[in-house]
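Residues per chain are reported as follows:
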Amino acid sequence: MPTALERIDLRTSGETKALIARAAATAGMSVSAFLLSAAQERAKVVLSQTESLTLTARDWEAFVTALDQLDQPRPKLKAAMERYRIWHAQQTDA
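Computed from a prediction, not measured in an experiment: that's the story for all the values here.

1. Thoughts on the overall build of the protein
Moving on, step 1. In terms of helices and strands, the protein carries four helices and zero strands.
Moving on, step 2. Ordered by position in the sequence, the α and β elements of the protein form the string α-α-α-α.
Moving on, step 3. For 94 residues, the compact-globule estimate of 2.2 N^0.38 gives 12 Å, and the C-alpha radius of gyration of the protein, at 26 Å, exceeds that figure by more than 25%.
Moving on, step 4. Projected onto its principal axes, the C-alpha positions of the protein cover 65 × 50 × 35 Å.
Moving on, step 5. Counting the 94 residues in the protein, one finds 2% classified as buried.

Below is the structure:
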């Protein structure tokens, strides 16, 4: 079954519309296809900047070392988890 297409509406100045139309024509695309392509590319860039992490070699080594030490006891974390369990139980009983 085909997926329903969504619609995006926007308003702009005549100058901006003319600029986009010229660029779309130069690229051999419709204005809609041009805008969609540009928006998708920009969305990917923005999301890649916030959803990925690039580490230096030194930072990567520190990260891997920290992961290797995860099985060590963490008394403060254990105490915090117990306080949360008690608090949560009090909230659900209330």
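Structure's up, so let's keep going.
2. Quick word on the environment of leucine 19
Moving on, step 1. Here leucine 19 shows up in helix α1 (residues 14–27).
Moving on, step 2. Sequence separation between leucine 19 and glutamine 49 is 30 residues, and the spatial gap between their C-alpha atoms is 28 Å.

3. Some remarks on the packing of aromatic side chains
Aromatic ring pairs are reported here in terms of the distance separating the ring centres and the angle at which the planes meet.
Moving on, step 1. Going through the model one piece at a time under the given rule, you end up with two aromatic pairs.
Moving on, step 2. Measuring from centroid to centroid gives 5.7 Å for tryptophan 60 and phenylalanine 63, while their planes differ by 40 degrees, and the two rings are tilted. Of the two residues, tryptophan 60 and phenylalanine 63 are both situated in helix α3 (residues 57–68); the distance of three residues between them amounts to about one turn of the helix.
Moving on, step 3. Residue tryptophan 60 is classed as partly exposed on the basis of its relative accessible area, which comes to 46%.

4. Quick word on the pattern of salt bridges
Moving on, step 1. Applying the stated criterion across every chain yields a total of two salt bridges.
Moving on, step 2. For aspartate 9, the salt bridge goes to arginine 7, with nearest N and O atoms at 3.0 Å. Each member of the pair, aspartate 9 together with arginine 7, is exposed.
Moving on, step 3. Between arginine 85 and glutamate 82 there is a salt bridge, and its shortest N-O distance comes to 3.4 Å. Placement of the pair is arginine 85 and glutamate 82 together in helix α4 (residues 75–93), with a separation of three residues, close to one helical turn.
Moving on, step 4. With relative accessibility at 47%, the residue arginine 85 sits in the partly exposed group.

What counts, and where the lines are drawn
- Numbers given for residues are sequential positions, taken from 1 along each chain in its written order.
- The predicted origin of the model limits local features to residues at a pLDDT of at least 70 and limits the giving and counting of side-chain atom pairs to 80 or more, whereas totals for whole chains, interfaces and linings rest on all residues.
- Side-chain metrics rest on all non-hydrogen atoms present in the structure, leaving aside hydrogens and water.
- Runs of H or I in DSSP of at least four residues are treated as helices and runs of E of at least two as strands, each being numbered from the N terminus.
- The reference for a compact globule is 2.2 Å times residues^0.38; the radius of gyration itself is calculated from the C-alpha atoms.
- Buried, partly exposed and exposed residues are distinguished by accessible area as a fraction of the type maximum, computed with a 1.4 Å probe on protein chains only: under 20%, between the cut-offs, and over 50%, respectively.
- Two rings from Phe, Tyr or Trp (for Trp, the six-membered ring) form a pair when their centres are within 6.5 Å of each other. A pair whose planes differ by under 30 degrees is stacked, one over 60 is edge-to-face, and the rest are tilted.
- Any carboxyl oxygen of Asp or Glu within 4 Å of a side-chain nitrogen of Lys or Arg constitutes a salt bridge here.

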